[in-house]
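Topology and contacts: notes
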There are 2 protein chains.
Amino acid sequence: MTTDVCVLGIGLIGGSLLRALGPDRAFGWNRSAAAADAASADGFDVSTDLAHTLRRAVQTDALVVVAVPLPALDAVLDAVAEHAPTVALTDVISVKGPVLDAVRRRGLEARFVGGHPMAGTAHSGWAATDPALFRDATWLVAADDGADPATWSRVAALATACGSRIVSASSAHHDAAVARISHLGHVLAEALALAGGRGGDLALALGAGSFRDGTRVAATAPELVRAICEPNRDALLAVLDECLADLGAARDSLATRGTLGPLVDDGHTARRAYEDLHSGRTDADPVSIRPGAPGWLDVLRAAGAAGLEVRPSG
Amino acid sequence: MTTDVCVLGIGLIGGSLLRALGPDRAFGWNRSAAAADAASADGFDVSTDLAHTLRRAVQTDALVVVAVPLPALDAVLDAVAEHAPTVALTDVISVKGPVLDAVRRRGLEARFVGGHPMAGTAHSGWAATDPALFRDATWLVAADDGADPATWSRVAALATACGSRIVSASSAHHDAAVARISHLGHVLAEALALAGGRGGDLALALGAGSFRDGTRVAATAPELVRAICEPNRDALLAVLDECLADLGAARDSLATRGTLGPLVDDGHTARRAYEDLHSGRTDADPVSIRPGAPGWLDVLRAAGAAGLEVRPSG
């Protein structure tokens, strides 16, 4: 990282990014003065003046990282379009298609490459930030048509500087995947928590490790769960319908034949595949990629489809 | 614990119980010679001769703990009825009504009090056993009509010796509660894992903490998941139907209004109630109970309904 990074929004993700990079390499903006003051007290350069912060990003050719929740995206991108329309731009929002659409509506796509670090906790805000949050995490760096190779490289370098592995995919493929491994999980965690709560204090008292882990993300603030899941509506609806069909089949099998049926074996097989992929990946060589080389986006997408890490070369 | 304990079945739960008590206070039986040999090599007294083990339990007035999976229960209880029909008897199986029914069918209920330590891992077998498995866990000691106070006290002392807190409820109330906080969680974990697996290696590669935690129990061997969940069919069907209705309402709300609706708030509220109950309980005084005193079973059930620990006195 030889360039500055400008982080817009210092909640859990943006704030942790600021901490991971350190005050010498990153500066930021936050809407709420309380968080900005807290960050300043911790030695970070965080302003509450968005226009000023964006003009500074232009002057230093900083990589601007949009780290606000999706509902606040439009206001921030309006300011980028007004004050820093040519800046190199990325984001860390949990859904990629709607962000790309919003960027394109403002003509900001020439130097935009979306991103999504697959990291988080059930807590939020500056107080929850952690410089190690992204260490050994997977950071999705988008591979959309027309992506600027130089910006892609800067986003990849940001992910690497934070200790993350890079996996790449189109925004649409990312959104379909995270509907499965993140957004559905939020919905099922809420449903499990609710079912437990309906059993009263006896059920909650008997709740042990599996209930604790299965409902962990239901501890996330409801407005944040909505901001994460609801913008991915179409992909989430598709996987919810699939899941309802799976659960309905298991329910019917249990009612009529006394067994949950293939769901148990199929779920177990999938969990084992997940474990194998994550335990094996540390040994697998990353796919080397030269951003801008002929067919580079196809190479990125093929590696992502195989679950393989990519690493920029040259 | 001034009496011997005889553990029938040394898988994860029974074997951990053996380890928690130590070879001076417990002996055991196991169907498979491989596990019995492994336990013997570790200094434990584990036979593969069930009749011999049960006669020894009679001679020493040991508390017999049935720790086999439910599908093996009938064969073990047949042997108890033949070789040790008057022995003090408990179990550590994850469903209580079907065990109580099986005990009553053989006329073994006079000295039977069911139990269920709320502890486990996704692993199984002697190699996975852990003497600390029950430490700070909740151990359900059943409060069914006609329970023998002396046996109840021995089961409670066993739980305490293993470091567990005691919560009490009728077998039927236990089964309804664990359908909510354990068995439904198994089904949802399988469904989440399956949904992730259907997204291929990209989805599995992007799976992070929430997917790992939400699918953890799907790593459990499928035959064990079935043995845990399927015997609790009626209670599990009722909560599955509730859950399918909740998920269907969230799905429809997302499709028509773009929001997941009340599920997110209600799930969050329930998760917070779970956290409050478990963080506060360490400070709350246990409910003191004298087994056999007038109304003692009612006191146990009332405490359990309030999620409160009980502790035998006198």
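The structure this text deals with has already been given above.
Residues numbered from 1 in each chain as written. Chains lettered and ligands numbered in written order. Predicted model: local features only at pLDDT ≥ 70, side-chain atom pairs only at ≥ 80, totals over all residues. Heavy atoms only, no water.

1. Some remarks on the overall build of chain A
A tally of helices and strands in chain A yields 13 helices and 10 strands. Taking 2.2 N^0.38 as the reference for a compact globule, 314 residues should give roughly 20 Å; the C-alpha atoms of chain A span a radius of gyration of 21 Å, in line with that estimate. Each principal axis of the C-alpha atoms in chain A carries an extent, and together these give about 70 × 50 × 35 Å. For chain A, the proportion of its 314 residues judged to be buried stands at 58%. Here chain A has roughly 11600 Å² of accessible surface; of this, 51% comes from carbon and sulfur atoms. (Helix = DSSP H or I, 4+ residues; strand = E, 2+ residues; numbered from the N terminus. Rg over C-alpha atoms; globule rule 2.2 N^0.38 Å. Buried < 20%, exposed > 50% of the residue type's maximum accessible area, 1.4 Å probe, protein only. Areas by Shrake-Rupley, 256 points an atom, 1.4 Å probe, with all protein chains shown as cover.)

2. Brief notes about the pattern of salt bridges
As enumerated under the stated definition, the model contains 44 salt bridges over all chains in all. Two residues, D298 of chain A and R301 of chain A, come together in a salt bridge whose shortest N-O distance is 3.6 Å. With a gap of 3 residues between them, D298 of chain A and R301 of chain A both fall in helix α13 (residues 296-305), about one helical turn apart. As a salt-bridge pair, R301 of chain B and D145 of chain B come within 2.6 Å of each other at their nearest N and O atoms. You can see R301 of chain B sitting in helix α13 (residues 296-305) and its partner D145 of chain B sitting in the loop between β7 (138-142) and α6 (149-161), a full 156 residues away along the chain. Exposure remark for R301 of chain B: the relative accessible area of 23% places this residue in the partly exposed category. Salt bridges here are not isolated pairs; linked through shared partners, they connect D74, D78, R105 and R106 of chain A. (Salt bridge = Lys/Arg side-chain N within 4 Å of Asp/Glu carboxyl O.)

3. Description of the sheet that holds strand β3 (residues 46-47) of chain B
Residues and elements named next belong to chain B. The strand order across the open sheet formed by 5 strands is β3-β2-β1-β4-β5, and the pairing between neighbours is parallel. Both edges of this open sheet fall to β3 and β5 (88-91), since each of them pairs with a single strand only. Strand direction decides the pairing type here: strand β1 (residues 5-8) and strand β4 (residues 63-66), joined by 4 bridges, are parallel. In the sheet register, C6 faces β4, and the bridge partner there is V64. (Pairing = 2+ DSSP bridges.)

Shape descriptors only; they carry no functional weight alone.
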